Each structure stands twice: as C-alpha cells, then as structure tokens.
Amino acid sequence: MLEELVTQTPVEPAFCHLFDFPFDPFQLEAMEQIREGRSVMVAAPTSSGKTVVAEYALWRALQNGTRAIYTTPIKALSNQKRRDLEQMFPGQVGLLTGDRSENPDAAIVVMTTEVLRNMLVEDPDALSWVTHVVFDEVHYLADPDRGTVWEEAIITCPRHVQLVCLSATMANAAEIADWIGETHRDIALIRHDERPVPLEHLYYTQGKLHLVRDEYGRRRAMFPREGHLQAPDPAAVVRALRRENLLPAIWFAFSRRAVEEAAAEIGRSAPRLPREQQAAIEEAIAWTLDLLPLEDRSLPQLSLLLRLLRRGIGFHHAGLLPPMKELVERLFSSGLLSVVCATDTLAVGINMPARTVVISSLQRPFGGTLTPNDFSQLTGRAGRRGIDEQGAVVMLPSRHYVFENDYRQVCAPLEPIMSSFRLRYSTLLSAMAGNEQRLGMVVRSSLRQFQMRAKARRAQQQLEAIREEILPTANEEAVRDYLLLQTRLSLAEKEQRRARRAKGKAAESTRVRKRLERAREHREHLATLLRDHPAHFAVTALETQDPERLYQLRQINRLQTIIDEAQQECDQEALETADAVREVLTRLGYVGKDGLTPKAHGLREIVAPSGIVLSEMYDRGELDDLTPAELAEVISWFACDQERRRENDFRLPRTLIERRHAADRVFRIVATAEEEAGIDLAQGPSRWFFGVAYAWCRGASISEITRRVELGEGDIVSILNKTVDLLDQLTGMLEQHGDRRLLAIAAEAHRQLVRGLVAMVRTPEEAAA
C-alpha cells in the first residue's frame, strides 16, 4: 500500500524543493492524510523525521492564506523551533512563550502549549483564522504537572482546526489517537517504529567501554557482579569516547549542580582546539554577549560557561539565561563543541543529536530508577541521521544501584501514557458561561474519562460477539430485562454503600447528603420493580430446561452491566467534580442564583492555578494601597512554582510581611472550601520565594539578586517573566472590574519589571519602553 502511495500521490513539487532528500513512506502517508483534510498523529522514534509532516501542514496553511500554530512543551524547544522554521519560512514565523514574544501576528506562530491553552480559555475566537495546530511531544499528556494543559488545549480547540500530533514511540498510541478522534475530530494514526540510526548500548567500567547490546538488539555481555561502585571521573569517560571515535556526546545528569560539575571536570582535561574552531566559538560568544546588559556580563555562571565553551565543552539546564542556552545549542549543532552536559530537559525535542549519549546514572536523585519511557527519551538523542552508522548509549556504574537490575528495568517495554487531568477554575468558568452543562462536558471529554471507559469498550466488543452466536426467542427480551434489573439492583446497593461512606467523610456537605438520598430512593425503586417483574418464573424454568442459554444470557447481562457501570462511574465522577467546583464557586460568590456574578467574569481572566486566591485577595482589599514594586512582589509569590525550598536572605518591609500573612490566610480560606467539597485545585503563595521582584523593581541587578537567593540567573529571569505574565492576567481582571486606580499601579509595576534581561527576552517594543 505504501509503495503505491509513494508513486500515485507525490507531494507538491513546491514543498519537495525545500528538501534535498526523498521522503519516507510514513511521511508520505501522513502528508496524504493532511491533504485529505484529516488530523494526523505520528508516533515515531526521535530523529526519524516527524517534523517534516508538521512542516508540510504549516506550508499548506501558508499556501491557503490561513494561519498555523506550532506548540511545544518547553520554551527552549519553542525558541529553537522558531529559529528552524524561520529559515524555511523567512519573515513568516512568530514566537509566544512565557519569556518572549516576537512577531505574534505572523502566519505561523510557535508557542508553548500553556500559551495556546490560555488563548483558548481567554478568547476561543482567537483561532478563527487558524487551520492547523501542531502538538509536538504529545506524550506530555502523561506529565503530572502539565498534562492537564495538553488535554484542555485539545478539548477546547475549535473543530475546524486540523491537528498534527507528534510523539515518540508510545505503548498506547492507538488509544490516544482514538481519544483525540472522539474528543476533537477524525484523526489518522501513522506509526513508524524503526530507528533511523541503529543503537549500541555500552557500559563503562574498569576504565573501559564494554558492548552490552549491539545494534541488532543482541545481548553481548553481562555484568552480574557490577553494583554499588563509585561513579567514574567524567574526564576519563570522555577520553575513552574520544579514543573510540564516539564524540560528539551529550552527558545527561539529573541536577544542575551535577551538570556543571561534570562539565568542569571534562573541561579541565579537554585538548586545545584548532585555531579555526576557536575563532568560530569566539565570534559566537561575542555576538551573544553584545545582547546582554553590561552589568550582567560578569555573572559567575557566565564566566564558567564561557571558559568551558572555549575548550569545546558546554552545559545546558533551565537555570541558564535564555541567550546562553541558545548559544550552547548553536555551537553544538554546528559541530564546535565535543561534549554538552545537560539535564534531561534537553532530551525533550530539542534538535541536538549527538554521536553518543552518556547517561550518568540510571536513577534520579529523588525519583527512583528511570522508567523505560525516560530511557527511550534520553537515548533518542543518540545517532545523527545521515552521519553515523550507529548511535551509542553509554551507561555508568553508581553507588546507588546494581547495574543489571536497573538496566533490565529501563529496557522493559514502554509504559502506556496515562491521563493526569486536573481542572482549573478559569476553564470551568468559561465552560459554565451561558451553559452550565458544558462544565460536565469538559470533564467527560478528558483522556482520564476516556481511559476509564476502556473496560466498557472491551466489554462491548465481547457483547457483540456473543449476540451473533445465539438466536433470539419470544420471551428473551423479558428474561434479559429481569437479569439486567437484578444486576442494576446490585449496582444500586453498591452506590448506596459508597454514598454512605462519602457522607461519613463530609457529613456537613449538602451535595453528599443529596447523593445518599438519591441512592437510597433508586435502590428501593429497583427492588420494587424486581419483585413485580413478570419474567421471574421464566428465569426459574430456564435454570433447569436450558442452562447453557441462561449462561449466555447471563454473560450478555454481565457484559452489559460492565458497560453500564463504567459509564455510571464516569458520569458520577464528572457530575461530582462539576458539583464540587460549583459548590466552591457558589460559596465564594462567583456563582449566584442567576448564574455567573461580576466577580466570576474577573476570575475568568486569570488562567493560572493561583487565580482564585488572587481574586479573593483583591475582593478582600488585600491589594489596595500597594506601590507598583509592592504589587509586583505580591504577584511574584504566585508566579514561582518551584516546590524545593531554596536559601533566601531577603528581608521584606512590614507592609509586605503583612500581605504575605494575608495571602496565606486567604489561601487557607480557599483551601478549606475545596477540602470540604472534596477537590484540590488552587495554588497558594510560595513558601520560600520572596524579595526578588521587589528588589528588581527597585533597581537591583541579576548579579546582586543571585547573591541573596539560591537560584540560577536563568531561573530568576524566568520567574520574573512569569510574574509579568501573571500581572498581565491580573490586569485583565482589573479591567473587568473597571478599577482604574489599581490598573495604573499595575501598569507602572509592569514597566518596572520589564527591563534589562527581562526586557531582552520579551517583545522588542517592551524592551524599548
């Protein structure tokens, strides 16, 4: 079929001319589906060419005079993807992330998935001229912190939009595609399981590299006694890679400190670079430094990185300033660096393939052994298509594990992608606007609900098979109705017991009491129907006269019960979630007898999880009488989502200490309302992040701030940019309330925040302001 497709449905010549290589069959099949107007999901290994399919969709949007959106899970990938697409479609590509906005009205806009989700919640009509949306790295649906964003974006995306979903190989790709097809529109699944470059697995021990598994997947050596050994010197490992011609390499570690220490160790013994390579690196460094404010060019992190880059070594993590991350990416992609040490965020889609990937540990410091999915994502960077005959993965010993045990786990079959869906108030209020039934629809459309119904779908297939085997009889319908009624009564008795247990946990909840009353009335009604059913004697007769047929009827009844029970559980969860959210919103004054209140229209403008807490602070007057710098500081407490506590030497003035107490107090009020309703949605203020935004607005430099708080320069810039984004959302709320006085203060707070490095990574207009 594919061979016929290649010959009979060639891609448009104008698009083919953009490339200097022939397309693979799976790419051609996906392009054909796009031409026919269907959405596509492409599941294939890293570096296999999935992006060509997305580029084809973008090209078609341009040819048709419409717009397209390309979403990525992280800002680093968005930045790189924008650079790549700009080369293909010069002058027609924009960028929207939490840190940066460039040419946002372009025909093609690259953005993080969070930005798209926020657009859809704030203004669904914003995509009226968009015909194609690309979701890159769609397996992020399983991410505990951000998977909900992906689900909401897919659920709320207008139906006229063609989706192009790209993913690494997934265990349950068909299930994910089926969900998208049911939730959004018809979608074709294109699978391609063959790696473009075969992979070898090697283990470094006793000063040597040993082949563990060859490029054909055959096991070549075992190390049963290798366990709890000291980790080797990174420089020694890299020397071994150089001897075996296995450079360039990406060295993965799982903390920023480990990344920088490994890079420093490797850099100390790196050989001197040729003059031409040195000159090219110096030119790239000079160009990047010209972008930085003078006061930030001597930051300690920059000094270390620049010293290493001049030795052909780099490092890359989220704490690095965005321009320096882009510098490392450009130098490595250009072949000017031999090793880049990085956290695993680099494995997420960034186009930096290497000859070799070194995994410094098969265990995360606090997360246990890597999952097979983690291992697959990291090893996907190994092997450069068209350059290397084989890629290589090098694993190292560690004091924390026995090699063979953990190697067996990471090489196990991939784990299925499971939903991590969790609602947010802004989404719920948007769903309730004009039609409260939409609230339950959003919940029922989630991947979580779809996966809960998987058991019912399997039962439906078995049910149809049994019904084809037996012939109907005159009284069969009555008998089956009687058997079904029996099971429904059993199911109702279970629901009554569950409702009784729920009442024990939340005795004061009106919603829970009503649930118990409904369950009791339903059980009594079914019991009455069963006692009076006319098929009682027919069922008794079948038990002696035709037990085989009765068994088949009971099987049909059992399967139908599974279907009904699964659907009831899904509907019950959706109903309970919707009722619980409505209960909290009603209690706090966002929903009244006539629907949404003016207070709710303000909250709809804040899409962040902290929105309801900020809305309550405003409603209670806790944002009054603040200076612009103080308002920026309060907002920043909710912009930091890093949970690990860091050292912080900042001291706040009394006014802000009082506002921190107020923020905690308001959050406890919201959290208590949620707890009594049985949900947990709101995000409170950070326990440890404070003082940074206040100091920045009062003129402190990034260098001065890093001396007071345990954060990298890139982290500080990122959180300050998130503060600007959250302040902009608060501004939308203030506009709904018509609060001109606080709007003026918020505008000045925005001006004080957007300067220096913060302004540099935002729009040119903001930087010039």
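If you're wondering where the values come from, they're calculated on a predicted model, not measured in any experiment.

Got a minute to help me understand the overall build of the chain in this structure?
A tally of helices and strands in the chain yields 33 helices and 19 strands. Here the chain has a C-alpha radius of gyration of 29 Å; the compact-globule value for 769 residues is 27 Å, and the two agree. Judged by the C-alpha coordinates and their principal axes, the chain covers about 95 × 70 × 60 Å. Each of the 769 residues in the chain was classed as buried or not, and the buried ones make up 57%. Across the chain, every contact between residues at least 6 apart in sequence was considered, and the portion connecting residues at least 24 apart equals 75%. Element-wise, carbon and sulfur atoms account for 49% of the exposed surface of the chain, whose accessible area totals about 34,100 Å².

Can you help me understand helix α19 (residues 454–469) in this one?
Every α-helix carries 3.6 residues per turn, so stepping three or four residues along brings you back to the same face. The end-to-end C-alpha distance of α19 is 24 Å, a good match for the 22 Å that 16 residues give at a rise of 1.5 Å each. Three or more residues of α19 are buried, namely Ala454, Ala456, Ala459, Leu463 and Ile466.

Sorry if this is basic, but what is going on with the state of the cysteines here?
By definition, a disulfide links the sulfur atoms of two cysteines through a covalent bond. For the coordinates displayed, the defined rule picks out 0 disulfides. Of all cysteine sulfurs, the one in Cys165 lies closest to Cys157, which takes part in no disulfide; the gap is 9.4 Å.

It is not clear to me how the environment of Lys503 should be interpreted in this structure. Could you clarify?
In this fold, Lys503 is placed in helix α20 (residues 476–505). It is 44 Å that separates the C-alpha atoms of Lys503 and Thr71, two residues lying 432 residues apart in sequence.

I would appreciate a short explanation of the sheet that holds strand β8 (residues 187–191) in the present structure.
Picture the strands of a sheet paired through backbone hydrogen bonds; they go either parallel or antiparallel. The mixed open sheet is built from 8 strands, whose spatial order is β4-β3-β5-β2-β6-β7-β1-β8. In this open sheet, the two edge strands, each paired with only one partner strand, are β4 (101–102) and β8. Pairing analysis gives 5 bridges linking strand β1 (residues 39–43) to β8, with the strands arranged parallel. Residue pairing in the sheet places Ala43 in a bridge with Arg191 of β8. Relative to the sheet, helix α6 (residues 113–122) contacts β2 (67–72), β3 (93–96), β5 (108–112) and β6 (130–135), its axis offset from that of β5 by approximately 105°. Contacts from helix α8 (residues 173–183) reach β1, β7 (162–167) and β8, with the element oriented near 165° to β8.

Looking at this structure, I do not really get the side chain of Asn648. What am I missing?
Following the sequence through the fold, Asn648 ends up in the loop between α26 (628–639) and α27 (654–677). With relative accessibility at 13%, the residue Asn648 sits in the buried group. A polar contact is formed between the side chain of Asn648 and the backbone nitrogen of Phe650, at a distance of 2.9 Å. One polar contact links the side chain of Asn648 to the main-chain carbonyl oxygen of Phe690, over a distance of 3.0 Å. Excluding anything up to four places from it in sequence, Asn648 contacts Trp688, Phe689, Phe690, Arg708 and Val709.

Is there a simple way to explain the confidence of the model for the chain in this structure?
Low pLDDT means the predicted atomic positions in that stretch should not be read closely. Averaged over all residues, the pLDDT of the chain equals 86, while 91% of them reach at least 70. Highest mean pLDDT in the chain belongs to helix α28 (residues 692–697) (97); lowest belongs to helix α33 (residues 764–768) (38). Counting interchain partners and residues more than four positions distant, the pLDDT-below-50 stretch residues 1–9 has 10 contacts. Contacts from residues 763–769, a stretch scored under 50 in pLDDT, to residues over four places away or in other chains number 6 contacts.

Explanation requested: the sheet that holds strand β14 (residues 356–359) in the structure shown.
Here we have 7 strands laid out as an open sheet, ordered β10-β9-β17-β14-β11-β13-β12, and mixed in their pairing. On the outer flanks of this sheet lie β10 (208–213) and β12 (313–316), each paired with one strand and no other. Looking at each pair of strands side by side, their axes are set apart by 25° on average, direction ignored.

Teacher, can you tell me more about unusual backbone geometry here?
With glycine set apart, most residues show a phi of negative sign, and most peptide bonds adopt trans. Here the bond from Leu247 into Pro248 is cis, since omega is 5°, no more than 30 degrees from zero. Secondary-structure assignment places Pro248 in the loop between α9 (234–243) and β11 (249–252).

How do you make sense of the environment of Glu524 when you look at a structure like this?
Here Glu524 is to be found in helix α21 (residues 510–531). By relative accessible area, Glu524 is classed as partly exposed at 41%. Here the alpha-carbon distance between Glu524 and Ala492, two residues 32 residues apart in the chain, equals 9.0 Å.

I keep staring at a positive patch on the surface and nothing clicks. Help me out?
Among the surface-exposed residues, Lys455, Arg458, Lys494, Arg497, Arg500, Arg501, Lys503, Arg513, Lys514, Arg518, Arg520 and Arg558 lie close enough to one another that they form a single positively charged patch. Mapped by element, the contributors of at least two residues to the positive patch are α19, α20 and α21. Ranked by the residues each element gives to the positive patch, the list is headed by α20, at 5 residues. Following the sequence through the fold, Arg558 ends up in helix α23 (residues 547–587).

Looking at this model, I keep getting lost on the packing of aromatic side chains. Mind explaining?
Each aromatic ring pair is specified by the distance between its two centres and by the angle formed by the two planes. Throughout the structure, instances matching the rule amount to 15 aromatic pairs. For the ring pair Trp688 and Phe689, a centre distance of 5.8 Å and an interplane angle of 90° mean the geometry is edge-to-face. In this structure Phe689 comes out as buried when scored by relative accessible area, which is 1%. Seen from the ring of Tyr590, Lys599 lies directly overhead, with NZ or CZ sitting 4.6 Å from the centre. The ring of Trp696 has Arg755 lying over it, and the distance from NZ or CZ to the ring centre is 3.7 Å.

Honestly, the pattern of salt bridges in this entry has me stumped. Any pointers?
Two side chains carrying opposite charge are able to pair once their charged atoms lie near each other. Counted by the stated rule, this structure contains 33 salt bridges. Of the charged contacts, one joins Arg38 and Asp186 as a salt bridge, the two residues approaching to 2.8 Å between their closest N and O atoms. Here Asp186 lies in the loop between α8 and β8 and Arg38 lies in the loop between α3 (25–35) and β1, a separation of 148 residues in the sequence. By relative accessible area, which is 47% here, Asp186 ends up partly exposed. Of the charged contacts in the structure, one is a salt bridge between Asp388 and Arg355, with a shortest N-O distance of 3.9 Å. With Asp388 in the loop between α14 (372–379) and β17 (391–395) and Arg355 in the loop between β13 (339–342) and β14, the pair connects residues that are 33 residues apart, well separated along the chain.

Sorry, what's going on with the packing of α26 against helix α31 (residues 740–753) here?
Axis separation between α26 and α31 bottoms out at 8 Å; the angle between their running directions is 80°. When the interaxial angle is binned, α26 and α31 end up roughly perpendicular. Across the interface between the two elements, Pro628, Ala629, Leu631 and Ala632 of α26 pack against Leu742, Ile745, Ala746, Glu748, Ala749, Gln752 and Leu753 of α31. When grouped by side-chain class, the residues that make up the contact of α26 with α31 number 9 nonpolar, 1 polar and 1 charged.

Quick question: what am I supposed to make of the environment of Pro45 here?
Position of Pro45 relative to the elements: it lies in the loop between β1 and α4 (50–63). Residue classification places Pro45 among the buried residues on the basis of a relative accessible area of 9%. Sequence separation between Pro45 and Arg751 is 706 residues, and the spatial gap between their C-alpha atoms is 45 Å. In contact with Pro45, other than residues within four places in its own chain, are Lys50, Thr169, His192, Asp193, Glu194 and Arg195.

Help me out: how do you make sense of the pairing of β12 in this one?
Taken residue by residue, a regular strand's side chains alternate between the two faces of the sheet. Residues Ile313 and Phe315 line one face of β12 and the alternating positions Gly314 and His316 line the opposite face, and both faces are buried. Bridge analysis of β12 against β13 gives 4 bridges, and the strand direction is parallel. Bridged to His316 within β13 is Ala342. At this point the chain moves from β12, through helix α13 (residues 322–333), to the parallel β13, and the crossover so formed is right-handed.

Calculation rules
Residues numbered from 1 in each chain as written. Predicted model: local features only at pLDDT ≥ 70, side-chain atom pairs only at ≥ 80, totals over all residues. Heavy atoms only, no water. Helix = DSSP H or I, 4+ residues; strand = E, 2+ residues; numbered from the N terminus. Rg over C-alpha atoms; globule rule 2.2 N^0.38 Å. Buried < 20%, exposed > 50% of the residue type's maximum accessible area, 1.4 Å probe, protein only. Contact = heavy atoms within 4.5 Å. Areas by Shrake-Rupley, 256 points an atom, 1.4 Å probe, with all protein chains shown as cover. Expected span 1.5 Å × (residues − 1). Disulfide = S-S within 2.5 Å. Pairing = 2+ DSSP bridges. Axes fitted to C-alpha atoms, helices over the stretch in contact; angles between N-to-C directions. Polar contact = N/O pair within 3.5 Å; in protein donor to acceptor, adjacent residues only side chain to side chain. pLDDT = per-residue confidence, 0-100. Patch = residues over 30% accessible without salt bridge, like charges linked within 9 Å, V, L, I, M, F, W, Y side chains within 5 Å. Salt bridge = Lys/Arg side-chain N within 4 Å of Asp/Glu carboxyl O. Lys, Arg positive; Asp, Glu negative; His and termini not counted. Charge placed at Lys NZ, Arg CZ, Asp CG, Glu CD. Phe/Tyr/Trp six-rings, centres within 6.5 Å; stacked < 30°, edge-to-face > 60°. Lys NZ or Arg CZ within 6 Å of the ring centre and 35° of its normal. Parallel < 35°, antiparallel > 145°, perpendicular 65-115°, else oblique. Nonpolar A, V, L, I, M, F, W, Y, C, P; charged D, E, K, R; others polar. Right-handed = clockwise from strand over helix to strand, strands pointing away.

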